[in-house]
Amino acid sequence: MTTRAPTDELHQLGRIFADPAAYADPVGWHESARRLRQEEPICRISLAEYQDFWAITRHADIMEIERNADVFTNAPVPALMSREAYVASQAGEQELPVKTLVQMDGDEHKAHRGIVNDWFKPANVKRMSQRVDELARQAVDQMAAAGGRCDFATDVAMHYPLQVILSILGLPEADHQRMLTLTQELFGAEDPDFGRVGEDATVLGVMLDFVSYFTSLAADRRAAPTSDLASVIANAQLDGSLLPEMDVMGFYLIIATAGHDTTSSSIAGGLHALLEHPDQLAQLQDDPSLIDAAADELIRYVSPVKHFVRTCRAPFTVGDVTFEPGDVTLLSFASGNRDEQVFEDPFRLDVQRPNASAHLAFGFGRHFCLGAHLARMEVRALFRELLSRVRSIELDGVPTFVHSTLVSGPKQLPIRFELR
Ligand code: HEM
């Protein structure tokens, strides 16, 4: 690594990447990120309670690191963790019982991703469009039944993507609430309102609950295969044998979790952005077909997945910094998506932005979000339905945001509305 040290002031700003509460103040967070992007775009951050890391805030630098996935690996940990947990993971003391795609690299990742890759391709995902439209309609029907006022984040945006996932996996609606609680506990572990309290207050405890649920699901689908995604995974073969049980769990876990509050946050955050930009909302209301292209702009603007981490394996230079083996880089997708060098007037929501799809909210390269086509379909379906029925819609209180360094969006979005 280079020896250059950021000024104390810039270094202090670097806390935003490690502090879950900082993400709950999106305006303040983005102001700090903007300064770092302009003054120290690759900034070394050393905090007492976290592993040392380099904050990568520019779009081009994030892509450069993602493009070189043999040099910058997801192992040993794909996300920022406390110094204590990091040391334990390096010593192999805290091996998670389940490994998912985001913890894999190289051939292992390629082989595993190959199992579900076809299922997530646009042609296949399209088969789901009728079901997704139906669930979007139900979501807006429920909103209408609320009688003109609701908390859009918890009453609408939180449930709908989960129902989509339950549908693609083939799980019964009766299990909806259990999955909702588990995913919130896992991703909201840093948020005081969502994190699990009690003896098993660990990510491990929540993971074990997932494992017990999905073990019986896999057994069911092996005994009686269907056409759902749960069956594809339960019956997949690698090197001529069924996948080991823990790999099956890894798949179920990543699909049930990665596709849930990421999409909820995009939808709730997307509506919040539109309410803050009434001229853009009016454009979509005048012509709801614009939502097909605008979905990417909403996702760019919200960037619900805030970061992932990559660890350097061999000396490699990006910009004027040479990384050395062991250096941890934090890819700030949220910052890259407001990069002035790529997006003109990046703090403005522009539903007709010509290059909105250049965003990094789905990551880039080998680990590019597997569910991106499905997520776009969900966002489009929900807004198409909502915009075609809404007569008026406005904020009805102050929104709050999830405390998390990994996935964050509105926690409460009180609205007042009139629907057709
Ligand atoms: C708007 C909603 C979503 C956002 C913003 C999002 C974002 C992301 C990001 C940033 C990554 C990591 C990319 C990287 O490391 O370069 C990722 C990976 C992944 N996402 Fe999504 N995601 C969303 C929805 C979904 C959905 C609906 C599913 C599936 C049902 C899904 C499944 C996955 C999987 C399986 C991976 C791991 C891919 C790999 O490591 O090879 N995501 N997503």
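For the structure itself, consult the block above.
Residues numbered from 1 in each chain as written. Predicted model: local features only at pLDDT ≥ 70, side-chain atom pairs only at ≥ 80, totals over all residues. Heavy atoms only, no water.

Is there a simple way to explain the nonpolar core in this structure?
When a protein is soluble and globular, its nonpolar side chains tend to lie buried together. The biggest cluster of nonpolar side chains holds 90 residues, and the ones touching the most others in it are F152, Y160, F214, Y252, F383 and I415. Examining the composition of this core, we find that 10 residues originate from one element, helix α18 (residues 372-389), more than from any other. If we skip the residues at most four places from it in the chain, Y252 touches L169, F214, L217, A218, A230, I233 and A234. Of all hydrophobic cores here, the second largest spans 23 residues; its members include A18, F53, A55 and L80. (Core = buried A, V, L, I, M, F, W, Y, C linked by side-chain atoms within 4.5 Å. Buried < 20%, exposed > 50% of the residue type's maximum accessible area, 1.4 Å probe, protein only. Helix = DSSP H or I, 4+ residues; strand = E, 2+ residues; numbered from the N terminus. Contact = heavy atoms within 4.5 Å.)

Please clarify how the packing of aromatic side chains should be interpreted in this entry.
Centre distance and the angle of the planes are the two values used to describe a pair of aromatic rings. Within this structure, the stated rule accounts for 11 aromatic pairs. With a centroid separation of 5.8 Å and 85° between ring planes, the pair formed by F72 and F323 is classed as edge-to-face. Separated by 251 residues along the polypeptide, F72 in strand β3 (residues 72-73) and F323 in strand β9 (residues 321-323) bring together distant segments of the chain. Each of the two residues, F72 as well as F323, counts as buried. (Phe/Tyr/Trp six-rings, centres within 6.5 Å; stacked < 30°, edge-to-face > 60°.)

Just to check I follow, could you spell out the pattern of salt bridges for this structure?
Side chains that differ in charge, positive against negative, can pair when their charged atoms come close. Tallied over the entire structure, the rule returns 26 salt bridges. The shortest N-O distance in the salt bridge between K121 and D118 comes to 3.0 Å. Residue K121 is classed as partly exposed on the basis of its relative accessible area, which comes to 42%. Across the pair E385 and R389 runs a salt bridge, and its minimum N-O distance is 2.8 Å. On the criterion of helical spacing, the pair formed by E385 and R389 is a turn pair, its members being four residues apart in helix α18. Considered together, E385 and R389 belong to a single accessibility category, that of buried residues. Ionic contacts of the salt-bridge type, sharing partners, join the residues R149, E394, D396 and R416 into one network. (Salt bridge = Lys/Arg side-chain N within 4 Å of Asp/Glu carboxyl O.)

Would you mind going over the environment of P304 with me for this structure?
Examined against the element boundaries, P304 turns out to sit in the loop between α16 (291-302) and β7 (307-312). Sequence separation of P304 and N235 is 69 residues, and the distance between their C-alpha atoms is 32 Å.

Help me out: how do you make sense of the coordination of the iron atom of the ligand in this one?
When a metal holds four donors in a tetrahedron, each ideal angle between them is 109.5 degrees; when it holds six in an octahedron, the ideal angles are 90 or 180 degrees. Donation to the iron atom of the ligand from the protein comes from one atom only, C369 (SG), at 2.3 Å. Secondary-structure assignment places C369 in the loop between α17 (333-336) and α18. (Donors = N, O, S within 2.8 Å, 3.2 Å for Na, K, Ca; no water.)

Before we go on, may I ask you to explain the site of the ligand in this structure?
Neighbouring the ligand are 29 residues; E66, H109, R310, H367 and C369 lie closest to it. F364 places a main-chain nitrogen or oxygen 3.1 Å from an oxygen atom of the ligand. Contact distances for the ligand include 2.7 Å between an oxygen atom and a side-chain N or O atom of H367. Where the shell around the ligand is concerned, the elements lending two or more residues are α5 (106-117), α13 (245-258), α14 (261-276), β7 and α18. Residue composition of the shell around the ligand, by class: 16 nonpolar, eight polar and five charged. (Near = heavy atom within 4 Å. Polar contact = N/O pair within 3.5 Å; in protein donor to acceptor, adjacent residues only side chain to side chain. Nonpolar A, V, L, I, M, F, W, Y, C, P; charged D, E, K, R; others polar.)

Please explain the sheet that holds β3 as it appears in this structure.
As a general point, the strands of a sheet are linked pairwise by backbone hydrogen bonds and lie either parallel or antiparallel. Strand order across the open sheet formed by five strands is β1-β2-β10-β7-β3, with mixed pairing between neighbours. Edge positions in the open sheet fall to β1 (42-45) and β3, since each of these has one partner strand only. In the sheet, strand β2 (residues 53-56) pairs with strand β10 (residues 328-332) via three bridges, with the strands oriented parallel. Counted as the bridge partner of A55 is L330 from β10. Against the sheet, helix α3 (residues 59-67) contacts β1, β2, β3, β7 and β10, and its axis sits at roughly 125° relative to β10. (Pairing = 2+ DSSP bridges. Axes fitted to C-alpha atoms, helices over the stretch in contact; angles between N-to-C directions.)

Teacher, can you tell me more about α16 here?
One full turn of an α-helix is made of 3.6 residues, so residues set three or four places apart face in the same direction. The first and last C-alpha atoms of α16 sit 15 Å apart over 12 residues, in line with the 16 Å expected at 1.5 Å per residue. Taking burial as the measure, the 12 residues of α16 include 10 buried ones, the bulk of the element. Residues of α16 that are buried: I291, A294, A295, D296, E297, L298, I299, R300, Y301 and V302. Against α14, α15 (278-286) and α18 lie the buried residues of α16. (Expected span 1.5 Å × (residues − 1).)

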